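The lines below spell out each chain.
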Amino acid sequence: MKLVTVAGPPSSGKTSVILRVAEGLLREGLRLGVVKFDCLASDDEKRYAKAGIPVKTGLAGGLCPDHFFVANIEAALAWGKQENLDLLISESAGLCNRCSPHLQPVRAVCVVDNLSGVHTPGKIGPMLKNADVVVITKGDIVSQAEREVFAFRVRQVNPKAAVLPLNGLTGQGSLLLQRHFTSAPALTTLDGEKLRFSMPAALCYYCLGETRIGKDCQIGNVKTMDFA
Amino acid sequence: MSAPLLLKNGLVLRREHPYLVDFFASLALPFPPAHLPLAAYLTEQVPDDAERGTLIAQLIAFADGMAALQAQETGQTVGKVTLLGGRDKSGDAEALKLELRPGDVICVVGPTGSGKSRLLADIECLAQGDTPSGRRIHIDDAPIDDATRLSGEQRLVAQLSQNMNFVMDLSVREFIAMHAESRLHSETEKMVETVFAMAVELAGEPFTLETPVTALSGGQSRALMIADVACLSASPIVLVDEIENAGVDRRKALELLVRQEKIVVMATHDPLLALRGDKRLVIRHGAVASVVVTSEDERSELVRLDVLDRRLAALREQVRRGERITSIDALLAPL
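The structure displayed is predicted, hence computed values, not measured ones.

Things to note about the sheet that holds strand β6 (residues 157-160) of chain B
All names here are of chain B.
Point 1. One open sheet accounts for six strands, arranged β6-β7-β8-β3-β9-β10; its pairing is mixed. What marks the edges here is a single partner per strand, and that holds for β6 and β10 (287-293). Ignoring which end each strand starts from, the neighbouring axes of this sheet average 25° apart.
Point 2. With four bridges joining them, β6 and strand β7 (residues 237-241) adopt parallel strand pairing. Counted as the bridge partner of L160 is V240 from β7.

Written out as structure tokens, the structure reads:
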């Protein structure tokens, strides 16, 4: 079975991109499944189910979503195998841009949108920097110049990645992305494999549920800014 | 390439690799000082070995990429795009071998659902017999290799559409400069002046270099987009959609794109535009059914059509000024 991780800022069009690619892959006769990792709530399950794609949703709730992802991706892989899938797609929202769900032996896709502005590629971090393919959506509503500058900025941050525009509404551009999905490496287990980028070094009282503000509550791994 | 780059100091880097200014800015790192070699500077800025290793790899890959891009910019331009037929919606062969060259104006016509969008999409994704139409695109008589195609590096098509907006919070000057810099233009200031002058001419209503792009009127925005695409876009083909109501001088817009050696492809049924094209691709049932080359007769009729268009424009202007239309005799006078 193959696995592809798809990550991107909220509302960048991840689900639409996956659905457009899925249309082509299903036509090719592939058995697909999706695992959606989200924080508090997700409605995307319905969109996948409507397209006839088996889907599982995991909500991180009180946990850091990236920690939650790592703790569950192996079980997701097992689910995919049990469902006899050819390709499992994991979709997760990058919320604080600090981390990324990309794994070393797994094809990594990052979805960003033109509307987020030309400074965004510089701010996103490992989710974009460590991706194999960067998909840029919502190009149909911004000027050609902005599209070109945005793609240039993406290449600045990640010169090795393929950079592909895709219209999530019409599916224009999905053919080339499909090829990146079907050429993803096959794998049997993730045991012992590594993340492409480490998780933050953080364990403080706030991680454990503290909500009060004040010096007394700042115990553990705390970093303070220099206002001098 | 890697070793010498790390040995260069800030002064040399700024001169030989100006694009690195942007690279460091996007990482929120100050540019290396004039007399410090890059390697020493990075050791100072990023003490962590692993982190520095990643950064150096990134920097070198970026510099290599830029060098390749620069070579591409100066070295090769697309001389010819060839569109090779596939099959129609019933699977019958499409007899087509169409060559597009810089300066060509091609119109795509046909009823809704006939396959106009498919044709444009085929060009956009550099189809190699793997789209539903089975068409193939060759550039300068050669197919496009898989690696190039999948990397998304070669963008053949730039688009101009009424649905497009500016979303950046920048002045006209900053906007053009930003695009020019991303294309690695050496004379940004000059380019800003050129694009601006063209945009103002197309728009008909003046604006300034300091106007925020988001404050431009519909017509001014369109004019700036057209001038920008003509001068600064990397793509040899410009796909124009709905220029009909754009509020810009359409004739001048087309002339400008042609003068800048663009291949212009328009999906239009407006005779004023269609007759300005060199040929019309007639799409039926998912395939190009015929190619109508604009005749001499059509071109001379276009002259009369332009007169009619100007008369209609005069009426439109009257309405704009809040006047009453008392007679359309002038419109109907012999041409």
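Next comes the rest of the account.
Regarding the packing of helix α9 (residues 188-203) of chain B against helix α10 (residues 218-232) of chain B
All names here are of chain B.
Point 1. Interhelical geometry of α9 versus α10 gives an angle of 135° and a closest axis separation of 8 Å. On the basis of their axis angle, the class for α9 and α10 is oblique. With respect to the hand of their crossing, α9 and α10 are arranged in right-handed fashion. Within the contact between the two elements, α9 uses M191, T194, V195, M198, A199, L202 and A203 and α10 uses G219, Q220, A223, L224, I226, A227, D228, A230, C231 and L232.

Observations concerning the domain arrangement of chain B
Point 1. Split by domain assignment, chain B resolves into domain 1 (2-75) and domain 2 (297-335).
Point 2. Averaged C-alpha coordinates put domain 1 of chain B and domain 2 of chain B at centres separated by 60 Å.

Description of helix α7 (residues 174-182) of chain A
Quick reminder: α-helices carry 3.6 residues per turn. Residues three or four places apart thus point the same way.
Point 1. Listed in full, the buried residues belonging to α7(A) are A:S174, A:L175, A:L176, A:L177 and A:F181.
Point 2. In this structure, the buried residues of α7(A) make contact with β1 (2-8), α1 (14-27), β4 (87-93), β6 (133-137) and β7 (162-165) of chain A together with α7 (146-151) of chain B.

As for helix α13 (residues 296-320) of chain B
All names here are of chain B.
Point 1. In this model α13 runs 36 Å from its N-terminal to its C-terminal C-alpha over 25 residues, within 8% of the 36 Å that 1.5 Å per residue would give.
Point 2. With respect to burial, α13 is a largely exposed element, only zero of its 25 residues being buried.
Point 3. Phi turns positive, to about 80°, at G322, one or two residues after α13.

Overview of the interface of chain A and chain B
Point 1. At the junction of the two partners, chain A supplies 28 residues and chain B supplies 35 residues.
Point 2. Mapped onto the side of chain A that touches chain B, the elements with two or more residues apiece are α6 (144-157), β7 and α7 of chain A.
Point 3. The residue inventory of the side of chain A that touches chain B, partitioned by class, reads 14 nonpolar, eight polar and six charged.

Here we look at the pairing of β7(B)
Residue and element names in this part refer to chain B.
Point 1. The element β7 is largely enclosed, with a buried count of four among its five residues.
Point 2. The pairing of β7 with strand β8 (residues 263-267) spans five bridges and is classified as parallel. Paired with L239 across the bridge in β8 is V265.

Quick notes on the rules
- Residues numbered from 1 in each chain as written.
- Chains lettered and ligands numbered in written order.
- Predicted model: local features only at pLDDT ≥ 70, side-chain atom pairs only at ≥ 80, totals over all residues.
- Pairing = 2+ DSSP bridges.
- Helix = DSSP H or I, 4+ residues; strand = E, 2+ residues; numbered from the N terminus.
- Axes fitted to C-alpha atoms, helices over the stretch in contact; angles between N-to-C directions.
- Parallel < 35°, antiparallel > 145°, perpendicular 65-115°, else oblique.
- Left-handed = near helix turned anticlockwise from the far one by under 90°.
- Contact = placed C-beta atoms within 7 Å.
- Domains from an automatic or database assignment.
- Buried ≥ 20, exposed ≤ 12 C-beta atoms within 10 Å, placed from the backbone.
- Expected span 1.5 Å × (residues − 1).
- Nonpolar A, V, L, I, M, F, W, Y, C, P; charged D, E, K, R; others polar.

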